[in-house]
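Observations on the three-dimensional arrangement
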Amino acid sequence: MVAGKSERLWTRESLRRLFTEVGLGPGDSVMVNSALSGFGYLINGPHDSVDSLLDTVGPTGTLILPTHTGQLTDPADWKNPPVPVAWVDTIRNEMAPFDARRTPPRNRGALPDYALRHADVKRSGHPLNSVAAIGAKAGWYTSEHPLHAPEGEGSPCHKLYLEDGYALLLGCGLENCTALHLAEYLADCPYLVETTVRVLVSNDDGIKQFVKLDRYPSSSDNFGILREPLSRIGALRTINLDDYPINLIRLKPAIDHVVEALIT
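Residues numbered from 1 in each chain as written. Predicted model: local features only at pLDDT ≥ 70, side-chain atom pairs only at ≥ 80, totals over all residues. Heavy atoms only, no water.

**Describing the confidence of the model for the protein**
Confidence in the prediction for the protein averages 94 pLDDT; 98% of positions are at 70 or higher. Per-residue pLDDT stays below 50 along residues 1–5; that stretch engages in 10 contacts with residues further than four places along the chain or on separate chains. (pLDDT = per-residue confidence, 0-100. Contact = heavy atoms within 4.5 Å.)

Written out as structure tokens, the structure reads:
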């Protein structure tokens, strides 16, 4: 019987065994979405999770984490929370453009923040949906990130799909899976163009402007309905530590299945 969450003590080695049990192994590329609250006691904090994931995939594998920066969208559009209308122009004028070395992730949990402190980390240059990567192919995953298709063709998520990689969800459900948005782009879902998202960019001369993205998904709230079909085709494996779920998605069959469902 698994201990309750208040009794779970994790070492780097016990974490490696857990990640191996769920299905990761040497040479794998994996994108991790996480909510570590409720996971248990990590002796060295999120550092242990990063190190144990790297131990699991080994020197030929790659760890990828979303480091999204929603604070770089147009403040006129902020809803949670909104800012006073009188502040909008000042915020726009003073807002610093995305800097891969300095701009902190927002609402991505503790793990991406700790990963960005790793000596060998690389980060993609997307001003809204950047990712951090550590490992053998970190440079490749982060070298290009299309502005108007942040989870579309040519994106880190698309590269993960081409590599037959994985999405690992720690303490969160499929509705938190960044990589599943790739299916919406590959299926060219018409609602992608309905986006109103505008993000701050800066050109080579340092001139700032807010650019409306051509295509952007509005929500992932409905991804939870994919649990049964993805489990049925063997693309999803789940381990529950009491009330703490760990989900591993094999991305290629999962995306292929969702794309087929979206276009039929």
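**Side note on the pairing of strand β11 (residues 244–250)**
Counting buried positions along β11 yields five of seven residues, so the element is predominantly enclosed. Sheet topology places strand β7 (residues 166–170) next to β11; five bridges connect them, and they run antiparallel. Residue Leu168 lies in a different strand from β11, and its bridge partner there is Leu248. Both strand β10 (residues 236–241) and β11 contribute to a ladder of six bridges, which runs antiparallel. Residue Ile239 lies in a different strand from β11, and its bridge partner there is Ile246. Counting the residues that bridge the hairpin from β10 to β11 gives two residues, and of these Asp242 lies at a positive phi of roughly 55 degrees. (Buried < 20%, exposed > 50% of the residue type's maximum accessible area, 1.4 Å probe, protein only. Helix = DSSP H or I, 4+ residues; strand = E, 2+ residues; numbered from the N terminus. Pairing = 2+ DSSP bridges.)

**Some points on unusual backbone geometry**
Following Asn80, the chain continues into Pro81 via a peptide bond in cis, with omega recorded as 0 degrees. Within the secondary structure, Pro81 sits in the loop between β4 (62–66) and α3 (88–94). Phi is positive for Asn107, which is not a glycine, with a value near 60 degrees. Relative to the helices and strands, Asn107 resides in the loop between α3 and α4 (110–115). Notably, Asp188 is not glycine yet its phi reads approximately 50 degrees, a positive angle. Along the chain, the position of Asp188 falls in the loop between α7 (181–186) and β8 (198–202).

**Some details on the pattern of salt bridges**
When charged atoms on two side chains of opposite charge get close, those side chains can pair. Taken as a whole and judged by the stated rule, the model has 16 salt bridges. The closest approach of N and O atoms between Asp55 and Arg12, which form a salt bridge, is 2.6 Å. With a gap of 43 residues between them, Asp55 in helix α2 (residues 46–57) and Arg12 in helix α1 (residues 12–22) connect regions that are remote in the sequence. A relative accessible area of 33% means that Asp55 is categorised as partly exposed. With a shortest N-O distance of 3.1 Å, Asp188 and Arg215 are connected by a salt bridge. Here the residue Asp188 occupies a position in the loop between α7 and β8, and Arg215 occupies one in the loop between β9 (208–212) and α8 (227–232), the gap between them amounting to 27 residues. One continuous salt-bridge network, built from bridges that share partners, spans Asp74, Asp77, Asp89, Arg92 and Arg198. (Salt bridge = Lys/Arg side-chain N within 4 Å of Asp/Glu carboxyl O.)

**Observations concerning the pairing of strand β2 (residues 29–34)**
Most of β2 is tucked away: six of the six residues are buried. On β2, burial covers both faces: Ser29, Met31 and Asn33 on one face and Val30, Val32 and Ser34 on the other are all buried. Alignment of β2 against β4, held across three bridges, turns out to be parallel. When the bridges of β4 are listed, Ser29 appears paired with Thr62. Bridge count between β2 and β7: five bridges; the pairing is parallel. Note that in β7 the partner of Val32 across the bridge is Leu168.

**Here we look at a nonpolar patch on the surface**
A cluster of nonpolar side chains, Leu9, Tyr41 and Ile43, forms an exposed patch at the surface whose accessible area comes to about 330 Å². With respect to the helices and strands, Leu9 occurs in strand β1 (residues 9–10). (Patch = residues over 30% accessible without salt bridge, like charges linked within 9 Å, V, L, I, M, F, W, Y side chains within 5 Å. Areas by Shrake-Rupley, 256 points an atom, 1.4 Å probe, with all protein chains shown as cover.)

**Things to note about the packing of aromatic side chains**
For the structure shown, the criterion picks out three aromatic pairs. Measuring from ring centre to ring centre gives 5.0 Å for Phe39 and Tyr244, while their planes differ by 20 degrees; the resulting arrangement is stacked. Of this pair, Phe39 sits in the loop between β2 and β3 (41–42) while Tyr244 sits in strand β11, placing them 205 residues apart in sequence. Tyr244 shares its class with Phe39; the two are buried. An aromatic cluster of at least three residues, connected via ring pairs, comprises Trp10, Phe39 and Tyr244. Between the NZ or CZ atom of Arg117 and the centre of the ring of Tyr114, over which it lies, the distance is 4.6 Å. (Phe/Tyr/Trp six-rings, centres within 6.5 Å; stacked < 30°, edge-to-face > 60°. Lys NZ or Arg CZ within 6 Å of the ring centre and 35° of its normal.)

**Quick notes on the sheet that holds β10**
If you trace the seven strands from one edge of the open sheet to the other, you get β5-β6-β4-β2-β7-β11-β10, paired in mixed fashion. Edge positions in the sheet fall to β5 (122–123) and β10, since each has one partner strand and no second. Examined bridge by bridge, β5 and strand β6 (residues 131–135) share two bridges and lie antiparallel to one another. When the bridges of β6 are listed, Arg123 appears paired with Ala132. Across the sheet, α1 is in contact with β7, β10 and β11; its angle to β10 comes to roughly 140 degrees. On the sheet, α2 packs against β2, β4, β6 and β7 and is oriented at approximately 140 degrees with respect to β4. (Axes fitted to C-alpha atoms, helices over the stretch in contact; angles between N-to-C directions.)

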